[in-house]
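# Descriptive structure summary
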Amino acid sequence: MRRSPRQQKERPKGRHKEASTVLAFFILNLFLFFSILFFLSILWSMSLSLYNTLSKKEEVFDSIQGKSITMYTCGPTVYGRPHIGNYSSFLMADFLRRWLEVSGYAVKHVKNITDVGHLLHDADHGDDKIQKEAEKEKMHPLEIAKRYTEHYLEDEKALNMLEPLARPRASEYVPQMLTIIKTLLEKGNAYETEDGIYFAVLTFPQYGALSGNTLANLNAGARIHVDENKKHPADFALWKKCVGDNGRHVLRWKFSTGELSHTEGEDVMSGFPGWHIECSAMSSSLLGQQIDLHTGGEDNIFPHHECEIAQSEASTGKQFVRFWLHKRRIDLGEAKMSKSLGNVLTVPDIVAKGYSPLDLRYYLLSVHYRTNLKFAWKGIDDARKARTKIVEWIDEIKKMSAKEGTDHLKEIAVFIDDFTAALNADLNTPAALAKIFDVMSWSRNQSLSKSSLSVLQLFTTQIEKTFGCFKPGPEPEPVPANVQQLVDQRKAARDGKDFKESDRLRDAIKDAGFDVKDSATGQSVRKAF
């Protein structure tokens, strides 16, 4: 069918419109590309410095394989629900991983679960912590481990921790442990006694470099058990035989094969691993003989991490870990928070007080990881308020519309630069959070162009990814009709520039138990804390 003259005239117009749409789409995407490039150029332009416990100083971080990082975290011993002191250490590791990933690294992260072999007081004698709890509750040790592992995973999810590459359980890596132990025996770094196999610290001259507890400085009995069977008081157990008091140990393996043993009572051919050998076997099996980062609480420095270094490096002849990071402990009152002291708080305890687990996450991250935190309810209350302000601001930025006007890319670049510099300076979280509040105040007094808003939105996304605690909470309670009426009256007063009446209505809303906040998108109301 022939087209009419009018149809023939309209056809080029339609094509022009389509071409304009494609061009606009291309320009928009090009603009977004350059905005992202601008943002990343700031973020990735600085080097990261971390305090290395081994060297006792801050060092510029560099990895073994460029942008691919191997990282191991000492996880919980699952004989009870972990307390918030434990989680402060795990959160430090989670934060470090997040910042590395935001900074362009790919992180292979392994976090173990100790379900056998960790003896009381971190010593080489006494009861296995899990076995003791199993005897108390008349359950099998693996049932105890399963129960508290589930609690631990629930808490980690509530605290928004990233899932690691692997969560190895010590009981599943006994054959790998025995391979290392037999290598140490062959090399002369270990010896056998009537009750087990011990690492000979005199064969490893570097012993004490991490903790400062060199053999010359160690006193017999200081976190080590004086045993006449040992060649040196600081020698530590690699393997415990099921003899003597350990004859009642339920979880046991055949030393010859690493297979699970089903014998009962005394059995010199069966035994279980020492605590320290477990992490060396799990980390080397999953990450290789040399790793970039190893994290834990400061209580792990000695003897656990000191012993890890000795047995790993003696068996391989290679440096075990390049960077060691340790979280300072949490105190409750004047005492260290500890299960043995019975003064612990758990995540459910925090929730029972009306706080979100993310409030706890913010609180623990708001203090530098090398600062000893004295837990206080006022502190977590302040953390909740601060976290809520940042959540609300991020939501405002996401909903904000661009305005015509001057670009503020230089000002925003300074904020991003300062934020990045703070975290690259040994994870200075207090300084980084202070910078978030600075940009928050600044942005609320600006008309942001499309390019400025785009970069600022990218920045808020990176803030969310880095801290992991700025997700909105549960849906707020409905605003009662009488309070909503006051809110509507206040809006009318503000629209009419009657700020005296607006302030009076704000106070009335507060007296009713609600807070009202003003932003570029209007008023928002929520239940007061």
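The structure presented is a predicted model; accordingly, all values stated were derived computationally and were not measured.

### Observations regarding the pairing of strand β6 (residues 196-199)
- Here β6 shows no split at all, with G196 and Y198 on one side and I197 and F199 on the other all buried.
- The pairing of strand β5 (residues 190-192) with β6 spans three bridges and is classified as antiparallel. Across the sheet, the residue bridging to E192 is I197, located in β6.
- As consecutive antiparallel partners, β5 and β6 are separated by three residues.
- Sheet topology places β6 next to strand β7 (residues 236-242); four bridges connect them, and they run antiparallel. Its bridge partner being in β7, G196 is matched across the sheet by K240.

### Some words on the packing of aromatic side chains
- Considering all chains together, one arrives at 19 aromatic pairs under this definition.
- Among the aromatic side chains, those forming a connected cluster through ring pairs are F95, W99, Y362, F419, F459, F467 and F470.
- Above the face of the F255 ring, K182 is positioned so that its terminal group lies 5.1 Å from the ring centre.
- The ring of Y51 has R370 sitting right over it, with the charged end atom 4.1 Å from the ring centre.

### Quick look at the pairing of strand β4 (residues 106-111)
- Bridge count for strand β3 (residues 68-73) against β4 is six bridges, and the pairing is parallel. Bridge assignment links I69 to a residue of β4, and that residue is V107.
- As a crossover connection, the stretch from β3 through helix α2 (residues 84-102) into β4 is right-handed.

### Observations concerning the packing of helix α11 (residues 409-424) against helix α12 (residues 429-443)
- Across the interface, α11 lies against α12 with an axial gap of 7 Å and an inter-helix angle of 165 degrees. Judged by the inter-axis angle, α11 sits roughly antiparallel to α12. Along this stretch, α11 crosses α12, giving a crossing that reads as left-handed. In contact with E411, I412, F415, D418, F419, A422 and L423 of α11, α12 contributes T429, A431, A432, K435, I436, D438, V439 and W442.
- For the contact of α11 with α12, the residue count by class is 10 nonpolar, one polar and four charged.

### Some points on the environment of R526
- Position of R526 relative to the elements: it lies in strand β16 (residues 522-527).
- When its relative accessible area of 31% is taken as the criterion, R526 is described as partly exposed.
- Along the chain, R526 and V516 lie 10 residues apart, while their C-alpha atoms are 6.8 Å from each other.

### Overview of the nonpolar core
- Core analysis: the largest hydrophobic core is formed by 78 residues, its most contacted members being L293, F467 and F470.
- Look past the residues within four positions of F467 in its chain and what remains in contact with it is F95, R361, L365, F419, T429, A432, L433 and I436.

### As for unusual backbone geometry
- In this structure, the amide linkage connecting F302 to the following residue, P303, adopts the cis form with an omega of 10 degrees.
- Position of P303 relative to the elements: it lies in helix α7 (residues 301-316).
- Even without being a glycine, K56 presents a positive backbone phi close to 65 degrees.
- By the secondary structure assignment, K56 is in the loop between β1 (49-52) and β2 (57-60).
- Although it is not a glycine, L427 adopts a positive phi angle of roughly 55 degrees.
- By secondary structure assignment, the location of L427 is in the loop between α11 and α12.

### Quick notes on the sheet that holds strand β13 (residues 335-336)
- Spatially, β13-β12-β14 is the arrangement adopted by the three strands of the open sheet, whose pairing is mixed. In the strand order of this sheet, the two ends are held by β13 and β14 (373-375), each with one partner.
- In this structure, strand β12 (residues 330-332) lies alongside β13, joined through two bridges in antiparallel fashion. By the bridge assignment, D331 is partnered in β13 with K336.

### Describing the pattern of salt bridges
- A full pass over the atoms with the stated rule returns 33 salt bridges.
- Here R98 and D94 are joined by a salt bridge, their closest N and O atoms 2.9 Å apart. With a gap of four residues between them, R98 and D94 both fall in helix α2, about one helical turn apart. D94 shares its class with R98; the two are buried.
- Across the pair E298 and R329 runs a salt bridge, and its minimum N-O distance is 3.7 Å. In this pair, E298 is assigned in the loop between β10 (291-297) and α7 and R329 in the loop between β11 (321-327) and β12, connecting sequence segments 31 residues apart.
- One salt-bridge network, held together by shared partners, links E298, R328, R329, D331 and K374.

### A closer look at the sheet that holds β11
- Read from one edge of the open sheet, four strands run β4-β3-β10-β11, paired in parallel fashion. The open sheet terminates on both sides in strands that have one partner only, identified here as β4 and β11. Mean inter-strand twist for the sheet, computed between neighbouring axes without regard to direction, equals 20 degrees.
- Along the sheet face, helix α6 (residues 275-287) touches β3, β4 and β10 and points at about 160 degrees away from the line of β3.

### With respect to the side chain of T73
- Along the chain, the position of T73 falls in strand β3.
- Residue classification places T73 among the buried residues on the basis of a relative accessible area of 0%.
- Side chain to side chain, T73 and T295 meet in a polar contact 2.9 Å long.
- Discounting residues that sit within four places of it in the chain, T73 has contacts with F90, A93, H109, V110, K111, N112 and T295.

Rules behind the numbers
Residues numbered from 1 in each chain as written. Predicted model: local features only at pLDDT ≥ 70, side-chain atom pairs only at ≥ 80, totals over all residues. Heavy atoms only, no water. Buried < 20%, exposed > 50% of the residue type's maximum accessible area, 1.4 Å probe, protein only. Helix = DSSP H or I, 4+ residues; strand = E, 2+ residues; numbered from the N terminus. Pairing = 2+ DSSP bridges. Phe/Tyr/Trp six-rings, centres within 6.5 Å; stacked < 30°, edge-to-face > 60°. Lys NZ or Arg CZ within 6 Å of the ring centre and 35° of its normal. Right-handed = clockwise from strand over helix to strand, strands pointing away. Axes fitted to C-alpha atoms, helices over the stretch in contact; angles between N-to-C directions. Parallel < 35°, antiparallel > 145°, perpendicular 65-115°, else oblique. Left-handed = near helix turned anticlockwise from the far one by under 90°. Contact = heavy atoms within 4.5 Å. Nonpolar A, V, L, I, M, F, W, Y, C, P; charged D, E, K, R; others polar. Core = buried A, V, L, I, M, F, W, Y, C linked by side-chain atoms within 4.5 Å. Salt bridge = Lys/Arg side-chain N within 4 Å of Asp/Glu carboxyl O. Polar contact = N/O pair within 3.5 Å; in protein donor to acceptor, adjacent residues only side chain to side chain.

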